[in-house]
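Listed below, chain by chain, are the residues.
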Amino acid sequence: MSNPVTITAPEALPFIEIVREFDAPVSAVYRAHVDPELVKQWLGPHGYEMRIDRYDVRTGGGYRYVHTNDGEEYAFNGVFHVARTDELIIQTFEYEGSPGVVSIETATFVDLGDGRTRLEGHSTFPSVQTRDLIIEQGMEVGVVEGFERLDALVVAD
Amino acid sequence: MDDTELDRAFLALADPVRRGIVARLSRGPAPVGELAEPYAISLQAVSRHVRILQQAGLVTRSRDAQRRPVHLDPDALQHLTAWIDRYRLDHERAFRRLDGVLDDTIAKEERP
């Protein structure tokens, strides 16, 4: 049984909020966001390999990584504005395919006790339009994937 | 939602303009004029797209005489959410992988 993820995108504000609980202590959840060997095991879309050029989570540090899939490469980079162990990471996020469009991401790690943690993510985009574009692009791909799954079902019949 | 309705909904969503309209309506109701803004097509063409979405049971139009805003039908869309909401799906999958990473690290710590 998986914990539910709550995603909120308020109508008139350029935010996305993502909240998820984990059955693991806050130190482990934080470490999975900091140790590049762990990060590349989970971050990014399904089916993509993640190559990390740099992942230096500390106040004033920075990162760059590349998601690859079938020879396509998507690179992302940013800086860590602040990193407070087991509490907080604030970083910038830029897709190198859209240079200069930078969002600010805050990850808050909340110790719920009993070895449980709530991760609260908050992204601020340059505009509501940018935010919507990102969600709608995801939706486009999702519809195509849905059709592919339908196709597979039809073929199976 | 039975298979026929699901087919109709997916056919309705096979068009990029109609997907754009649904995406816009997911943030709140809007009159046809506003839905037409991002597209270089006539108001009539947009009305036709809305009618197809309506017949697929994805949107409804209220009786508000002047504006007659178009509403997304949340029940109908809920059935499609698992198919279309890739953004959510990407995060679900990433977080499930993170669950796995956390299980591994906790298991390693517990070993002597």
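Keep in mind the model is a prediction, meaning the values are calculated, not measured.

## Some points on the nonpolar core
Note that soluble globular proteins tend to have their nonpolar side chains buried in a common cluster. Judged by nonpolar contacts, the single largest core of 16 residues is most densely connected at Val 22, Val 50, Leu 53, Leu 58 and Val 59 of chain B. At the level of elements, helix 1 (3–12), helix 2 (16–25), helix 3 (32–36), helix 4 (43–55) and strand 2 (70–72) of chain B are the ones that each hand at least two residues to this core. Judged by nonpolar contacts, the second largest core, of 13 residues, contains Val 26, Val 29 and Tyr 30 of chain A together with Phe 95 of chain B.

## Things to note about helix 4 of chain B
Residues and elements named next belong to chain B. End to end, helix 4 covers 18 Å across 13 residues, agreeing with the expected 18 Å (1.5 Å per residue, within 8%). What helix 4 keeps buried is the set Val 46, His 49, Val 50 and Leu 53. Each buried residue of helix 4 sits inside an arc of 100 degrees when the element is viewed along its axis, so together they form one side. In helix 4, the exposed positions that point more than 90 degrees away from the buried face belong to Gln 44, Arg 51 and Gln 55. Gly 57 occupies a position one or two residues after helix 4 and carries a positive phi of about 75 degrees.

## A look at the pairing of strand 6 (residues 88–95) of chain A
Residue and element names in this part refer to chain A. Alignment of strand 5 (residues 72–84) against strand 6, held across six bridges, turns out to be antiparallel. Residue Phe 76 lies in a different strand from strand 6, and its bridge partner there is Tyr 95. Between strand 5 and strand 6, which follow one another and run antiparallel, lie three residues, and Asp 86 among them has a positive phi close to 65 degrees. Relative to strand 7 (residues 102–113), strand 6 runs antiparallel, the two sharing seven bridges. Across the sheet, Ile 90 pairs through a bridge with Thr 106, a residue of strand 7. What sits between the antiparallel neighbours strand 6 and strand 7 is a turn of six residues, in which Gly 100 has the positive phi angle 90 degrees.

What counts, and at which threshold
Residues numbered from 1 in each chain as written. Chains lettered and ligands numbered in written order. Predicted model: local features only at pLDDT ≥ 70, side-chain atom pairs only at ≥ 80, totals over all residues. Core = buried A, V, L, I, M, F, W, Y, C linked by C-beta atoms within 7 Å. Buried ≥ 20, exposed ≤ 12 C-beta atoms within 10 Å, placed from the backbone. Helix = DSSP H or I, 4+ residues; strand = E, 2+ residues; numbered from the N terminus. Expected span 1.5 Å × (residues − 1). Arc of directions from axis to C-beta. Pairing = 2+ DSSP bridges.

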